[in-house]
Structure formats: C-alpha cells, structure tokens
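Residues per chain, in single letters:
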Amino acid sequence: MKKVIIVLILIIIGIILYARFVGPQNYKIVEHTIEIENLSEPFNGFKIVQFSDLLIGSTKTVEDLEQIVADINKMDADIIVFSGDLVNSNYNLSNEEVEKVKELLRSLDCTLYKYAVIGDSDSDNYKEIMTDSDFIVLDNESTYIFYEDITPIKITGITDTSNVEKALSTTDNLDTIYNIVITHYPDNIDEISKYDVDLVIAGHSLLGQIRLPFVGGIIRKDGAQKYIDNYYEINNTKMYVSSGLGIDNNYYYRLFNKPEINLYRLKTK
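First, a word on scope: everything that follows refers to the structure included in this document. (Residues numbered from 1 in each chain as written. Predicted model: local features only at pLDDT ≥ 70, side-chain atom pairs only at ≥ 80, totals over all residues. Heavy atoms only, no water.)

Points about the pairing of strand S2 (residues 47-51)
- With five of five residues buried, S2 lies mostly within the body of the structure.
- Taking every second residue as pointing to the same face, both faces of S2 are buried, with Lys-47, Val-49 and Phe-51 on one and Ile-48 and Gln-50 on the other.
- Pairing of S2 with strand S14 (residues 260-268) involves four bridges; the strand directions are antiparallel. Across the sheet, the residue bridging to Lys-47 is Arg-265, located in S14.
- The parallel pair S2 and strand S3 (residues 79-82) is bridged by helix H2 (residues 62-73), and the resulting crossover is right-handed. (Buried < 20%, exposed > 50% of the residue type's maximum accessible area, 1.4 Å probe, protein only. Helix = DSSP H or I, 4+ residues; strand = E, 2+ residues; numbered from the N terminus. Pairing = 2+ DSSP bridges. Right-handed = clockwise from strand over helix to strand, strands pointing away.)

Overview of the nonpolar core
- If you look at the biggest cluster of nonpolar residues, it comprises 33 residues, and the most contacted ones within it are Phe-51, Leu-86, Leu-105 and Met-130.
- Within the residue set of this core, elements represented by two or more residues are S2, H2, S3, helix H3 (95-106), helix H4 (126-132), strand S5 (135-137) and S14.
- With five residues, H2 is the largest single contributor of residues to this core.
- Counting 24 residues, the second largest nonpolar core, distinct from the first, contains Phe-43, Ile-145, Tyr-240 and Tyr-264. (Core = buried A, V, L, I, M, F, W, Y, C linked by side-chain atoms within 4.5 Å.)

Looking at the sheet that holds strand S12 (residues 231-234)
- Judged by pairing direction, the sheet is mixed, and its six strands sit side by side in the order S6-S7-S8-S9-S13-S12 without closing on themselves. Since the sheet does not close on itself, it has two edges, and those belong to strand S6 (141-145) and S12, each with one partner. On average, adjacent strands in this sheet sit at an angle of 20 degrees to one another, irrespective of strand direction.
- In terms of strand pairing, strand S7 (residues 153-158) meets strand S8 (residues 178-183) through six bridges, oriented parallel. Bridge pairing in S8 places Ile-153 opposite Tyr-178. (Axes fitted to C-alpha atoms, helices over the stretch in contact; angles between N-to-C directions.)

Things to note about the layout of surface pockets
- Here the largest pocket is characterised by a volume of approximately 220 Å³.
- Broken down by element, the lining of the largest pocket gets its largest block of residues, three residues, from strand S1 (residues 28-36).
- Classifying every residue of the lining of the largest pocket gives four nonpolar, one polar and six charged. (1 Å grid on protein atoms, 1.4 Å probe; cavity = no way out; pocket = protein on both sides within 12 Å on 5 of 7 lines; lining within 4 Å. Points joined across faces, edges and corners; volume = space filled by probe spheres on them. Nonpolar A, V, L, I, M, F, W, Y, C, P; charged D, E, K, R; others polar.)

Brief notes about the environment of Ala-224
- Structurally, Ala-224 can be placed in the loop between strand S11 (216-217) and S12.
- Residue Ala-224 is classed as buried on the basis of its relative accessible area, which comes to 1%.
- Residues Ala-224 and Lys-238, 14 residues apart in the sequence, show an inter-C-alpha distance of 16 Å.
- Sequence-distant contacts of Ala-224, that is, excluding residues within four places in its chain, are made with Pro-186, Asp-187, His-204 and Ser-205. (Contact = heavy atoms within 4.5 Å.)

Right under this line is the structure:
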C-alpha cells in the first residue's frame, strides 16, 4: 500500500512539474481550412497566421520570440494577426528589450499586412511597439484587404463591444467578399455575431489553460467566461480561439494544453 501511495505522489509531483516547467515551453502549429462559398480565385488558398498571448515574462522570453518569428516566417503568410497580450502585466520590458521586440516583430514577413488588437495585459506603450514593428493596430476600426481582385476582404479589430456597429463601419462601405473580426476576448462573439461577420479570430482564454479529460478547460477569465474552447459557430459566424503561447500570471501551469501558433487557409467551397 505504501508503494502505491509513493507512486501516486511521484506521479502527481511529475504532473505538477511538467505543467509548470515543460508543458508551456513547446508549442505546436495548428492548421485550419476554412471553406467559403463564392470565394474569388485570388483569395483561394489565402493564408492567415495568428499568434496570441505571448505574455513575455511568463513562460516566454524575448529570446523565445526569435524562434517564434522564425517558425512564422516559414509559413509564407499572406497576413499575420496578433490577437493581444504581448507582455505579462507583472513584467516590465527594459528599453533594450523593447527595441529587441520591435526588431523581431518587424522581421515577421508576409505578403500583405500585419494586424494587431489590444489585450487586457497590453500596456500604454503597446501601440507604439506594434506600430514601430510595422503592425496596423485596429482599435475598434475596420480596413480592407485588396488582393489581386476588385472585391476585398474587410478586417476589423474589436477592442470592446461598446459600439460594434461603428467599429464595423467604414467611410466608403465597399462590397466585400468576406468579413473578418480580430478580437482579444472570445466572449465578444455574442455581440459581434449580430452583424454581418463571417469569421472571428480570438485569443485570451488560453483554452482554459489547464484542460482535463472529459472536462475541458477549467480556468475561466473575464472576457472568456462563456467561450474558452478552440471553435464555435454562433449565428453563422465562425470563431476560432487560439490557446496562445504564454501563461496567465495568476495561474502558473499549463496541462494537456500545448501552446500554439495558428494557420488558417481560406478555400473555395
């Protein structure tokens, strides 16, 4: 009996150590194919790469960002999306680190544009860092993606849902072939899906950070109380939620939930 107890204790200690030190370090590339009716040929095969919740200062460092950038650059993205939370709220980047982060993010390569939205851990200098890194920060605003075709894709960044209709509006109101929203908080889908939005890309939930068999994610945060898993469809709006790359500063473990970078391929249905 004592041997069984000792074995169980060792297993529990092993799981705790893995969840704290090993599990959060590695990440995977998760690919999704999104089939779209009447998608014009130039956008057939269009690639969107999303990374999210770096939370530098948790389990990810500025040095780790070098490998993340290298892996993203191998994907030949058409656009790159960062869905918020660059730095852990308990960590302050030094001036040297800020410049290194800018240099690395600037080296991210894609065919067209790099977009970012604001997360709850993003500090006052976040917009400056991202803008200096050649990202377009969409703060409750929309823009168009033109790609070898007269009918564009509209892409919108939603920081909060105080006025979704205004955020989705543009001065010229062009016809679009597909409407994409980037938001940090997956719970925003309830408001976003009331409008003509085809796809939402979100982060923040870390998929519950600790996931248990037959239970799923167990940690729910403000903005990810209702929607914490990786895929939902609400009112014909598809939403993909990334598990992100770092860990929340209130919970120092990741279990059965590998960090990830996401690749979305648009495909004609």
